[in-house]
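Each chain is listed here by its residues.
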Amino acid sequence: MSRAELLDGPGGSPAAAPVAAPAPVAFARLLRSELRLVLGRRRNLVLLAGLALVPVVIGTVLLVTRDSALSGQGPAFLAQVTGNGLFLVVAALFLCLPFLLPLCIGIASGDAVAGEASAGTLRYLLVVPVPRGRLLAVKALAALTFAAAAVLAVAVTGLLVGAAFFGVHDVVLLSGSTVPVGEGVLRVAGIVAYVGLSLTGLVAVGLFFSTLTEVPVGAMAATVVVAVVSTVLDSLPQLSAIHPGLLTHHWFDFAEFLRVQVDWGVVGSGLAVQAAWVAVFGALAWARFTTADVTS
Amino acid sequence: MSEAHHDGDLAVRTAGLTKRFRSGQVAVDGLDLAVPRGAVYGFLGPNGSGKTTTIRMLLGLARPTAGRAWLLGSAMPEDAARVLPRVGALVEGPAFHPYLTGRANLARLDAGDATADPRTSRRRADAALDRVGLGAAATKPYRQYSLGMKQRLGLAAALLQPRDLLVLDEPTNGLDPQGTREVRHLVRELADGGATVLVSSHLLAEIEQVCSHVGIMSRGRLLLQGERAALTDREGARLAVTTRSGQADAAAEVLRGLGLAEVARDGRALPGGAGTARLTAVLGPTPPEKVSAALVHAGVDLVGLAVDRPSLEQVFVELTGEGFDVAR
């Protein structure tokens, strides 16, 4: 029997098949729903609020200890904050990047598919039907949006608190030369964008883990472990051969934006490594999710 | 060509549908389902007999190890995007986001449906909620719903759009007797509206009354399927005639004369007391009124006449030698 007969055999469609909206329209509608779900969820809002608290705490501590003997001590970029509030953005990102941001990314991306699977809502979305590829793309975009929101939560409160406590002034670069406020703000914006893009690889890893399990906590933990293990491996000089390809190796290259002459080659290779991780783990997630049986 | 025509009359068809899990267990074994359009098909079997795995394959959630499946004439899972908007489904219990309200949960599902008109989304959601009696709880978060309300929300999700086919897996789970009656009523209403309903259950008595067709599954295999009346007649209705002791032989003669099989005298003590005798026979296709007329015509005093049709459960036990609550 031919395929056409199977599809359109007599009585094959008593009612006319419902007309589907064009794919981009359907995609946009689902994405709106997904963003509302992710950004409206209390747990995620608490995470964002927690991240926003970091610059507030740092700023307050620096403000209080400004005139004490402790002033000017601590990790990189911290000493500059009291002289220029813009540096609170940089210092806060620097402090959040090793653990807090990966943790938040791990939670959001690990939960993306596994959360729906564990709640059982995944099977109902798929029989609506939402095509699996579309659902994965929407999940990926929502997780990326959350990553962007996480970085912006740190950056925006950093900027507001820094400006309020210490004012915004001309920026002194790493070499000691000074650029005007306008250019300084642009450079800090570059740092924020670079940090945000640096997290895309981890989002892809989390999304892949999320397609493997019905236990969201497992996917979240595995994602954070990948970031931590990458940092550990990056600290072993014996493994220098693989360092350039590690997920976290280029994360702190954002300092490039504070050099007189930004080396776009360094910035570009950092982003290229993220693109490679996104490509590999995005493809793995797609291969897994579009073929696996949904048993939850 | 004849096969193609056959397809058109079936809302659900599978051919040799098989699912072997990685563990080696064969959950579904060469299933050939045939659910005619417009039928209310009771998909029955004990827990663990493979009903839910079959439904998962029908809906494209799981891939068959072998065999094929068609919904409304379209191959699954290849044509899922085309055919599933016409199919409402309840699979293995309801599942929704706990912190969203009932209405928001329906809006969420509707947002995924490319064939749904966003402008009518709210109206359709409210209509579906009203239909299952959840109108008053529309703005309550799902986690505050009782088990029965959750089940009702699952049914509401299946009714968000007009459907040609409803696949309802254990729709009465967690419902009280009143809720169960309402589900039966809903199923009948949907069927009256022209939809085909495939309803699975391990509690046969709950849905037996609404089914026009029945398929019985056990250990991954379809033991039998067909029209419900034909299935219960298959074992044959039995006839019991009570008459005066002295007329028993004459009555037996009349019954044999009508072509009834297994005519026998029941030797047990009878509630009718001394002086009466009871005869039993397999009724077959003979109408009972014809039997009574023939007996009276032959001058036999008819003290009592009863027809005992086997229930589906009896048929099932006959077939499998096991009760309905036997799990694998």
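Since we're looking at a predicted model, the values are computed, not measured.

J.: What exactly am I supposed to notice about the overall build of chain B here?
T.: Across its full length, chain B carries twelve helices and 15 strands. Oriented by its inertia axes, the alpha-carbon framework of chain B measures out at about 80 × 45 × 40 Å. Sorting the 328 residues of chain B into buried and exposed places 47% on the buried side. Expressed as a percentage of contacts within chain B between residues at least 6 apart in sequence, the contacts between residues at least 24 apart total 70%.

J.: Where do I start with the overall build of chain A in this structure?
T.: Scanning chain A from terminus to terminus reveals twelve helices and two strands. Mapped from its N terminus to its C terminus, chain A presents α and β elements in the order α-α-α-α-α-α-α-α-β-β-α-α-α-α. For chain A, the spread of C-alpha atoms along the principal axes amounts to about 85 × 45 × 35 Å. For chain A, with 296 residues in total, the buried portion stands at 44%.

J.: Help me understand the domain arrangement of chain B, please; the structure alone is not making it clear to me.
T.: The figure often quoted for interface size is the accessible area lost as the parts come together. What the domain assignment lists for chain B is domain 1 (2–232) and domain 2 (236–309). Put simply, the middle of domain 1 of chain B and the middle of domain 2 of chain B, counted by C-alpha atoms, are 45 Å apart.

J.: How do you make sense of the sheet that holds strand β14 (residues 276–282) of chain B when you look at a structure like this?
T.: Within a sheet, adjacent strands bond to each other through the backbone by hydrogen bonds, running parallel or antiparallel. All names here are of chain B. Spatially, four strands are ordered β13-β14-β12-β15 in an open sheet, and the strand pairing comes out antiparallel. Either end of the sheet is taken by a strand with one partner, and the two such strands are β13 (261–266) and β15 (302–308). Pairwise comparison of adjacent strand axes, ignoring direction, gives a mean angle of 15° for this sheet. Bridge analysis of strand β12 (residues 238–244) against β15 gives six bridges, and the strand direction is antiparallel.

J.: What's the story with the environment of leucine 159 of chain A in this structure? I'm lost.
T.: Residue and element names in this part refer to chain A. Among the structural elements, leucine 159 can be located in helix α8 (residues 132–166). C-beta crowding within 10 Å serves as the criterion here: with 21 such atoms nearby, leucine 159 is assigned to the buried category. Counting along the chain gives 37 residues from leucine 159 to glycine 196, while the straight-line C-alpha distance between them is 16 Å.

J.: When you look at the environment of phenylalanine 77 of chain A in this model, what are you seeing that I'm missing?
T.: Mapped onto the fold, phenylalanine 77 of chain A is located in the loop between α3 (42–64) and α4 (78–81). Residue phenylalanine 77 of chain A is classed as buried on the basis of its 20 C-beta neighbours within 10 Å.

J.: How should α3 of chain A be read in this particular structure?
T.: Three or four residues apart is the spacing at which side chains of an α-helix point the same way, because the helix has 3.6 residues per turn. Residue and element names in this part refer to chain A. Taking 1.5 Å as the rise per residue, α3 with 23 residues should run 33 Å; its terminal C-alpha atoms sit 32 Å apart, in good agreement. All of the buried residues along α3 are Leu47, Leu48, Leu51, Ala52, Val54, Pro55, Ile58, Gly59 and Leu62. Structurally, α3 contributes buried residues whose contacts are with α4, α5 (86–96), α6 (100–119) and α8.

J.: How do you make sense of the nonpolar core when you look at a structure like this?
T.: If you look at soluble globular proteins, the nonpolar side chains tend to sit buried side by side. Membership of the largest hydrophobic core comes to 171 residues, with the highest contact counts inside it found for Ala91, Leu93 and Ala150 of chain A together with Val197 of chain B. Looking at this core, the element that brings in the most residues is α8 of chain A, giving 18 residues. Look past the residues within four positions of leucine 93 of chain A in its chain and what remains in contact with it is Val154, Ala155, Ile191 and Val195 of chain A. Residues Val241, Ala251, Leu283 and Leu295 of chain B belong to the second largest nonpolar core, which totals 14 residues.

J.: Help me out: how do you make sense of the confidence of the model for chain A in this one?
T.: As a general rule, the predicted coordinates of low-pLDDT regions are not to be interpreted in detail. Residues and elements named next belong to chain A. Across chain A, the average pLDDT comes to 91, with 94% of residues at or above 70. At the level of individual helices and strands, chain A shows its lowest average pLDDT in helix α1 (residues 3–8), which scores 38, and its highest in helix α10 (residues 200–212), which scores 97. Across residues 1–14 the pLDDT falls below 50, and counting only partners more than four positions away or on other chains, this stretch makes 27 contacts in the model.

J.: For this particular structure, what's the right way to read the pairing of β12 of chain B?
T.: Regular strands place their side chains on alternate faces of the sheet. Sheet analysis places β12 of chain B next to β14 of chain B, joined by seven bridges and oriented antiparallel. What sits directly across from arginine 238 of chain B, in β14 of chain B, is valine 282 of chain B.

J.: Teacher, can you tell me more about the packing of α6 of chain A against helix α11 (residues 216–234) of chain A here?
T.: Packed helix pairs are specified by the crossing angle of their axes together with the interaxial distance, meaning the distance between the axes. All names here are of chain A. Remark: α6 packs on α11, axes separated minimally by 7 Å, with the N-to-C direction vectors making an angle of 150°. Classified by the angle their axes make, α6 and α11 are roughly antiparallel. In this structure, α6 crosses over α11, and the sense of that crossing is right-handed. Taking contact as the criterion, the partners of Pro102, Leu103, Gly106, Ile107, Ser109, Gly110, Asp111, Ala114, Gly115 and Ser118 in α6 are, on α11, Pro216, Ala219, Met220, Thr223, Val224 and Ala227.

J.: Teacher, can you tell me more about the sheet that holds strand β7 (residues 87–90) of chain B here?
T.: Residue and element names in this part refer to chain B. The strand order across the open sheet built from six strands is β7-β8-β9-β4-β10-β11, with neighbouring strands paired in mixed fashion. Strand pairing shows two members of the sheet lacking a second neighbour, β7 and β11 (221–227), which therefore form its edges. Between one strand axis and the next, the sheet turns by 10° as a mean value, whatever way the strands run. When β7 meets strand β8 (residues 165–169), the two strands line up parallel, connected through four bridges. Paired with glycine 88 across the strands is leucine 166, a residue of β8.

J.: Would you explain the pairing of β11 of chain B in this entry?
T.: One ladder, built from six bridges, connects strand β10 (residues 213–218) of chain B with β11 of chain B; its direction is antiparallel. Paired with methionine 217 of chain B across the bridge in β11 of chain B is leucine 222 of chain B.

J.: Looking at this structure, how should I read helix α9 (residues 181–198) of chain A?
T.: All names here are of chain A. In this model α9 runs 25 Å from its N-terminal to its C-terminal C-alpha over 18 residues, within 8% of the 26 Å that 1.5 Å per residue would give. For α9, the full list of buried residues reads Gly184, Val188, Ile191, Val192, Tyr194, Val195, Leu197 and Ser198. Next to the buried residues of α9 lie α5, α8, β1 (171–172), β2 (178–179), α10 and α12 (264–291).

J.: Hey, could you run me through unusual backbone geometry in this one?
T.: Backbone geometry follows two general trends: most residues other than glycine have a negative phi, and most peptide bonds adopt the trans configuration. Following valine 128 of chain A, the chain continues into proline 129 of chain A via a peptide bond in cis, with omega recorded as 10°. Secondary-structure assignment places proline 129 of chain A in the loop between α7 (121–126) and α8. In this chain, methionine 76 of chain B is followed by proline 77 of chain B through a cis amide linkage whose omega measures 5°. Within the secondary structure, proline 77 of chain B is located in the loop between β6 (74–76) and α3 (80–83). Residues other than glycine seldom take positive phi values, yet leucine 72 of chain B does so here, at roughly 50°.

J.: What's the story with the environment of serine 71 of chain A in this structure? I'm lost.
T.: All names here are of chain A. Its place among the elements puts serine 71 in the loop between α3 and α4. On a C-alpha basis, the gap between serine 71 and valine 179 in space is 24 Å, while along the polypeptide they are 108 residues apart. Residues contacting serine 71, with those up to four places away along its chain left out, are Thr65, Arg66 and Thr82.

J.: Even after reading the chapter, I still don't get the confidence of the model for chain B, so can you show me in this structure?
T.: All names here are of chain B. On average, chain B scores 85 in pLDDT, and the residues at 70 or more come to 91%. Element-level pLDDT for chain B is lowest in helix α1 (residues 2–8), with a mean of 48, against a maximum mean of 96 in helix α4 (residues 102–111). Within the model, pLDDT remains below 50 along residues 1–5, and this stretch shows six contacts once partners closer than five positions in the same chain are excluded. Reported confidences for the modelled complex are a pTM of 0.85 and an ipTM of 0.86.

What counts, and at which threshold
Residues numbered from 1 in each chain as written. Chains lettered and ligands numbered in written order. Predicted model: local features only at pLDDT ≥ 70, side-chain atom pairs only at ≥ 80, totals over all residues. Helix = DSSP H or I, 4+ residues; strand = E, 2+ residues; numbered from the N terminus. Buried ≥ 20, exposed ≤ 12 C-beta atoms within 10 Å, placed from the backbone. Contact = placed C-beta atoms within 7 Å. Domains from an automatic or database assignment. Pairing = 2+ DSSP bridges. Axes fitted to C-alpha atoms, helices over the stretch in contact; angles between N-to-C directions. Expected span 1.5 Å × (residues − 1). Core = buried A, V, L, I, M, F, W, Y, C linked by C-beta atoms within 7 Å. pLDDT = per-residue confidence, 0-100. Parallel < 35°, antiparallel > 145°, perpendicular 65-115°, else oblique. Left-handed = near helix turned anticlockwise from the far one by under 90°.

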